[in-house]
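Chain residues, written in single-letter form:
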Amino acid sequence: MKESARSLAVAILNRIDQAGLFAEPLLDQALSRGALTDVHDRRLLTEIVYGTLRMRGRIDWVIARFYKGDPASMDGGVRNCLRTALYQFFFTDRIPAFAIVDEAVKLVKATHPTASGLVNAILRNVIRKEKEIPWPDIEIDPASHISIVHSHPLWLVKRWITLFGVKETLDLCRANNEIPPLTIRVNRLKATREEVMQRLQGDGFTVRETEFSPDGLVLTHTAGPVRETPSYKEGQIQVQDEASQLAARLLDPGAGEKILDACAGAGVKASHLAEIMKNQGTVKAVDISRQKIKALRENAGRLGIIIVEPLVRDLREDPGETFRNAFDGILLDVPCSGLGTLRRNPEIKWRITPEDLKRHAVLQKRLLACAARSLRQGGRLVYSTCSVMPEENEDVISDFLSRHGDFRCIRPPALIVQSMVTDQGFFKTRPDRHGTDGFFGAVLERKSESSRD
């Protein structure tokens, strides 16, 4: 069977389910190998994959109403074929219902011939009885209503209702299901924001400045892959969410300082630190993954960064005397649940469990305690996550401060907009409030001898 947007979407969703992979790299692979040449097909593939992942809970509710049996026992490939077809039926308005059914049946015949009748029957029944589908009432059972209608796991919705209340939980879940904007950071070592705006506009992009980050631009209309633009290839820009851009600004490093990025990953934040420092000083970028450090080197080269020093090391262990009290500032962007990034990574919400949050918190506390040993007196440490969960955020900081009397929490720099700073002095963003990913940051200062209690 010839590859199509729909067949590729099902294949990608199958791999996400089976191997625990993420949608973005799988989509990049499919699109870069030229499987689809028509721009409309490429956009349809992206929409079906991300749309199906975002609305999977609502779609599965419908499947369960029309499948005579246990939906969990259904073959995964058949289920994803149904999910993609139902996504198109409920959430797109340019594809006729008969075409959706026809394409789904053809697709399942090629992969699961014995299930074609089942898929045909379920889809036709849904189309015929769409108005009769029972949805939980928000007044009677708000958690179930939000979970199903707005497609989030019930346990997570219940937690958020406890933390934020019904209205805010509803707002947050709605925001999580929106398509996020493509946001980039301008590399001020190579260009100004105004220069990059003009260049991208000349390339056919619609561009506006970010509201909160002084370094960001939002691309509201893209003329093609941003990584194929001269601006990207020449190192003038870096793809990065607006809230994430503010992590380096929380640390506020100065030119000539010695900085540690303790969980550097592919170096997006490390490069930003270097840019803020005007390429003067040192940014020691550490990560446990050799592959990520390799990507970090390549990206730093593209951006023209010369002060980033990549290092493969596990900072869960004692870093040794060369690191002890050695840094003026430390950025610790820890591994986390990613529950603040559900707009971009909707597959996360179907994987994460309460037990995962506890497991993350154990690692986060260990990383923070180990990183703190490398900070000099009077230095600053920024602890950050892309999570909205207190057990990964405030609770970690509270635990750390209770064990480390030589540290205190200070308010973020004045550059950070006050609507993003809580009464306790934490940096917190949410997609429903700020139009950014959900992000948390705490600025910790190691007290000097003279300032200790």
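In what follows, the structure referred to is the one given above.
All of these numbers come straight from a predicted model, not from anything done at the bench.

A. Summary view of the overall build of the protein. Assigned secondary structure in the protein consists of 18 helices and 12 strands. Against the globule reference of 22 Å for 453 residues, the protein gives a C-alpha radius of gyration of 24 Å, in line with a compact fold. Based on the C-alpha atoms only, the size of the protein along its principal axes is roughly 75 × 50 × 35 Å. Per-residue burial for the protein yields a buried fraction of 54% across its 453 residues.

B. Up close: the nonpolar core. The biggest cluster of nonpolar side chains holds 46 residues, and the ones touching the most others in it are Ile-12, Leu-45, Val-49 and Leu-123. When contributions to this core are tallied by element, the ones reaching two or more residues are helix H1 (5–19), helix H2 (23–32), helix H3 (39–54), helix H4 (56–66), helix H5 (76–91), helix H6 (97–111) and helix H7 (116–128). Excluding anything up to four places from it in sequence, Val-49 contacts Ala-9, Ile-12, Leu-13, Ala-23 and Leu-27. Ranked by size, the runner-up nonpolar core spans 31 residues in total, among them Phe-212, Leu-251, Val-283 and Val-443.

C. Representation of the pairing of strand E5 (residues 258–261) within the structure. Bridge analysis of E5 against strand E6 (residues 282–287) gives four bridges, and the strand direction is parallel. Each bridged residue has a counterpart across the sheet, and for Leu-260 the counterpart in E6 is Lys-284. For the handedness criterion, the β-α-β arrangement of E5, helix H14 (residues 268–276) and E6 is classed as right-handed. Relative to strand E8 (residues 327–333), E5 runs parallel, the two sharing three bridges. When the bridges of E8 are listed, Ile-259 appears paired with Gly-329.

D. Inspection of the sheet that holds strand E4 (residues 237–239) at higher detail. The strand order across the open sheet built from four strands is E2-E3-E1-E4, with neighbouring strands paired in antiparallel fashion. Where the open sheet ends on each side, the last strands, each with one partner, are strand E2 (206–209) and E4. Recorded for the sheet is a direction-independent mean angle of 35° between the axes of neighbouring strands. Pairing geometry for strand E1 (residues 182–186) and E4, over three bridges, is antiparallel. Residue pairing for E4: Arg-185 is matched across the bridge by Gln-238. Contacting E1, E2, strand E3 (216–221) and E4, helix H11 (residues 193–202) runs over the sheet at an angle of about 165° to E2.

E. Region of the structure containing the packing of aromatic side chains. As enumerated under the stated definition, the model contains eight aromatic pairs in all. Centroid distance Phe-89 to Phe-90: 5.0 Å. Interplanar angle 70°. Geometry classified as edge-to-face. Each residue in the set Tyr-87, Phe-89, Phe-90 and Phe-91 is aromatic and connected to the rest through ring pairs, giving one cluster. Arg-65 extends its terminal NZ or CZ atom over the ring of Trp-61, reaching a point 3.9 Å from the ring centre.

F. Region of interest: H3. Here H3 contains 16 residues, and its C-alpha end-to-end distance of 22 Å stays within 8% of the 22 Å for a straight helix at 1.5 Å per residue. All buried positions along H3 are accounted for by Leu-44, Leu-45, Ile-48, Val-49, Tyr-50, Gly-51, Thr-52, Leu-53 and Arg-54. Where H3 begins, one side-chain oxygen reaches toward the backbone nitrogen of His-40, 2.8 Å away; that side chain belongs to Asp-38.

G. Representation of the environment of Gly-77 within the structure. With respect to the helices and strands, Gly-77 occurs in helix H5. Taking C-alpha positions, Gly-77 is 15 Å from Ala-5, a pair spaced 72 residues apart along the chain. Those residues in contact with Gly-77 that lie beyond four places of it in its chain are Val-10, Asn-14 and His-112.

H. Geometry of unusual backbone geometry. Of note in this structure, Ser-151 is not a glycine but carries a positive phi near 60°. Its location among the elements puts Ser-151 in the loop between helix H8 (142–149) and helix H9 (154–164). The buried category is assigned to Ser-151, whose relative accessible area is 0%.

I. The pattern of salt bridges, seen in detail. Overall, the coordinates contain 35 salt bridges when judged by the stated rule. With a shortest N-O distance of 3.0 Å, Lys-269 and Asp-333 are connected by a salt bridge. Residue Lys-269 is found in helix H14, and its partner Asp-333 is found in strand E8; the two are separated by 64 residues along the sequence. Here Lys-269 matches Asp-333 in class, with each residue buried.

J. Molecular detail of the environment of Asp-252. Mapped onto the elements of the fold, Asp-252 is located in the loop between helix H13 (242–251) and E5. Separated by 72 residues in the primary sequence, Asp-252 and Pro-180 have C-alpha atoms spaced 27 Å apart.

K. Layout of the side chain of Ser-271. The residue Ser-271 is located in helix H14 in this model. Reaching out from Ser-271, the side chain makes a polar contact with the backbone oxygen of Val-268 at a distance of 2.8 Å.

Conventions adopted
Residues numbered from 1 in each chain as written. Predicted model: local features only at pLDDT ≥ 70, side-chain atom pairs only at ≥ 80, totals over all residues. Heavy atoms only, no water. Helix = DSSP H or I, 4+ residues; strand = E, 2+ residues; numbered from the N terminus. Rg over C-alpha atoms; globule rule 2.2 N^0.38 Å. Buried < 20%, exposed > 50% of the residue type's maximum accessible area, 1.4 Å probe, protein only. Core = buried A, V, L, I, M, F, W, Y, C linked by side-chain atoms within 4.5 Å. Contact = heavy atoms within 4.5 Å. Pairing = 2+ DSSP bridges. Right-handed = clockwise from strand over helix to strand, strands pointing away. Axes fitted to C-alpha atoms, helices over the stretch in contact; angles between N-to-C directions. Phe/Tyr/Trp six-rings, centres within 6.5 Å; stacked < 30°, edge-to-face > 60°. Lys NZ or Arg CZ within 6 Å of the ring centre and 35° of its normal. Expected span 1.5 Å × (residues − 1). Polar contact = N/O pair within 3.5 Å; in protein donor to acceptor, adjacent residues only side chain to side chain. Salt bridge = Lys/Arg side-chain N within 4 Å of Asp/Glu carboxyl O.

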